[in-house]
Amino acid sequence: MSALVDLGDVVDDHTGLSRTVLEYSMEMKRTVDRAKEPGFDASGWDGIAALVAIDEFLRVGPFKDTMDWPAYAAFLTAWATGSYWECSFRRITEHGHLVVLELEERMAPGDHDGAVNSASIFEFGDDGRLRRLDVYLQMPSGA
């Protein structure tokens, strides 16, 4: 297994949709950190929303739960205001309009305190905007 590295250490090694996904993930970290500030609300996700096809977006979570953009922004807001989150890069693969990003994610507090491995599939439209996000997680047994 390769060593885990920060996203910022690999973003300049990538172009195209892979770079967009890495920038999305780095903006996610910045926004989660800002979410602890007083008055943070769903508009705080505007940096992420700029990359998203808002009217088409669908997020499918690890429990096959689905959310459109407004529901996802509300979900993120509720989660981020009380959670710490960081990640390390594992791998990224791009094919056509799809990018698969593998991370080790660390978060607290929450239902799964500690580290999980994630694989997220980002599907982009012809306009380069994110249309669909599928999230898969690995976590220790009993988590």
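Sequence positions are assigned chain by chain, starting from 1 and proceeding in written order. Residues qualify for local features only when their pLDDT is at least 70, as the model is predicted, and side-chain atom pairs are given and counted only at 80 or more; totals for whole chains, interfaces and linings, by contrast, use all residues. The basis for every side-chain value is the complete set of non-hydrogen atoms in the structure, without hydrogens or water.

Enquirer: Which parts of the structure should I look at to understand the nonpolar core?
Expert: What we call a nonpolar core is a set of buried Ala, Val, Leu, Ile, Met, Phe, Trp, Tyr and Cys residues that are connected through their side-chain atoms within 4.5 Å. Only protein chains enter the accessibility calculation, which uses a 1.4 Å probe. A residue is then buried if its area is under 20% of the maximum for its type, exposed if over 50%, and partly exposed in between. Counting residues in hydrophobic clusters, the biggest one holds 37 residues, and the most contacted among them are Met28, Trp45, Trp69, Tyr72 and Phe122. Where this core is concerned, the elements lending two or more residues are helix 1 (16-34), helix 2 (46-49), helix 3 (69-80), strand 3 (84-95), strand 4 (98-108), strand 5 (114-124) and strand 6 (130-138). Each helix is a run of H or I in the DSSP string that is no shorter than four residues. Each strand is a run of E no shorter than two, and both are numbered from the N terminus. The element contributing the most residues to this core is helix 1, with seven residues. Beyond its immediate sequence surroundings of up to four residues, Tyr72 is in contact with Tyr24, Met28, Phe57, Arg59, Met67 and Leu133. Pairs of residues are marked as contacts when any of their non-hydrogen atoms sit within 4.5 Å.

Enquirer: I would appreciate a short explanation of the sheet that holds strand 4 in the present structure.
Expert: The strands that make up a sheet pair up through hydrogen bonds in the backbone, lying either parallel or antiparallel. On the basis of which strands lie adjacent, the open sheet formed by six strands has the order 2-1-6-5-4-3 and mixed pairing. Here the strands that pair on one side only, and so sit at the sheet edges, are strand 2 (66-67) and strand 3. The sheet contact formed by strand 4 and strand 5 spans 10 bridges and is antiparallel. Paired with Met107 across the strands is Gly114, a residue of strand 5. The strands touched by helix 1 within the sheet are strand 3, strand 4, strand 5 and strand 6, with strand 3 carrying the most contacts at an inclination of about 170°. A pair of strands is labelled paired if DSSP reports no fewer than 2 bridges between them. Fitted lines through C-alpha atoms serve as axes, helices being fitted only where they are in contact, and the angles separating the N-to-C directions of these axes extend from 0 to 180 degrees.

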